[in-house]
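# Chains, contacts and geometry: an overview
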Amino acid sequence: MKKHFILWIIVLAALAAGVYVVWILARSGSLPSTTQVQTAAVATALEPNDHLQGPENAKVILIEYSDFQCPACRAYELILQQLRKDFGSSLVFAYRHFPLPQHANAEPAARASETAALQGKFWEMLGLLFDKQDEWKDLDNAGEIFSRYAASLGLDANKFETDFNSAEVKDKVASN
């Protein structure tokens, strides 16, 4: 019983010390204002590698981490399309890759989207990859079908093949 009493005394003393430190900082003006905290959070939320839809200065930021082979991500894409439509210029949508290791074609699909991005067609490739997920999700060499998707988007086939296998594209997918 005495051990529990001593433990509670220590916990209460630590809590009181923490409250005192916050009180001192607040009085001295060392704590940031709510506006400063909100601005800092917004400024660091978007990253240079993000694919964005909507104005960067929008009031709402939605960041999606997604896997092109994930059935739940595919279903969620329909909801995101509706949100982008409903919120318009009040929302900036950021896409980041999160290929899951259990999905063998998720990383190549992410590379296909990044390769398409180099030719200005990221969002179009994203749409194709989700719309046609059933066609490529179980293939041994999904890169071939991704090349066909690239051709259907009017991308330069040789550039697509070169970029798809480049270290730059692989690194970008891995860095998200």
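Attention here is on the structure that accompanies the text. As the structure is a prediction and not an experimental result, all values here were calculated from the model. (Residues numbered from 1 in each chain as written. Predicted model: local features only at pLDDT ≥ 70, side-chain atom pairs only at ≥ 80, totals over all residues. Heavy atoms only, no water.)

Let's shift gears to the side chain of Arg96. By the element assignment, Arg96 lies in strand 3 (residues 91-97). Residue classification places Arg96 among the buried residues on the basis of a relative accessible area of 4%. A polar atom in the side chain of Arg96 sits 2.6 Å from the backbone oxygen of Ala45. Every residue in contact with Arg96, bar those within four places of it in the chain, is listed here: Ala45, Leu46, Glu47, Asp50, Ile63, Glu64, Tyr65, Ser66 and Asn176. (Helix = DSSP H or I, 4+ residues; strand = E, 2+ residues; numbered from the N terminus. Buried < 20%, exposed > 50% of the residue type's maximum accessible area, 1.4 Å probe, protein only. Polar contact = N/O pair within 3.5 Å; in protein donor to acceptor, adjacent residues only side chain to side chain. Contact = heavy atoms within 4.5 Å.)

The next thing to look at is the packing of helix 5 (residues 122-131) against helix 7 (residues 142-152). Contact geometry for helix 5 and helix 7: axes closest at 10 Å, N-to-C directions at 130°. Taken together, the axis directions place helix 5 and helix 7 in an arrangement best described as oblique. In the crossing of helix 5 with helix 7, the sense of the turn from one axis to the other is right-handed. Residues Met125, Leu128 and Leu129 of helix 5 lie in contact with helix 7, whose contacting residues are Phe146, Tyr149, Ala150 and Ser152. Class assignment for the residues of the contact of helix 5 with helix 7 results in 6 nonpolar, 1 polar and no charged. (Axes fitted to C-alpha atoms, helices over the stretch in contact; angles between N-to-C directions. Parallel < 35°, antiparallel > 145°, perpendicular 65-115°, else oblique. Left-handed = near helix turned anticlockwise from the far one by under 90°. Nonpolar A, V, L, I, M, F, W, Y, C, P; charged D, E, K, R; others polar.)

Considering all chains together, one arrives at 8 aromatic pairs under this definition. Summarising the aromatic geometry, the rings of Phe68 and Phe130 are spaced 5.1 Å apart at their centres and angled 55° between planes, so their arrangement reads as tilted. In this pair, Phe68 is assigned in the loop between strand 2 (60-66) and helix 3 (71-87) and Phe130 in helix 5, connecting sequence segments 62 residues apart. Each member of the pair, Phe68 as well as Phe130, is classed as buried. Ring geometry for Trp136 and Phe146: centres 5.3 Å apart, planes at 70°, overall edge-to-face. Of this pair, Trp136 sits in helix 6 (residues 133-136) while Phe146 sits in helix 7; the two residues are 10 residues apart in sequence, bridging distant segments of the chain. A residue is classified by how much of its surface remains accessible, and Trp136, at 0% relative accessible area, is buried. Through pairs of rings, three or more aromatic residues link up here, namely Phe68, Phe93, Tyr95, Phe122, Trp123 and Phe130. (Phe/Tyr/Trp six-rings, centres within 6.5 Å; stacked < 30°, edge-to-face > 60°.)

What follows deals with the pairing of strand 2. Taken together, the 7 bridges between strand 2 and strand 3 define a ladder with parallel strand orientation. Along strand 3, the bridge assignment pairs Ser66 with His97. (Pairing = 2+ DSSP bridges.)

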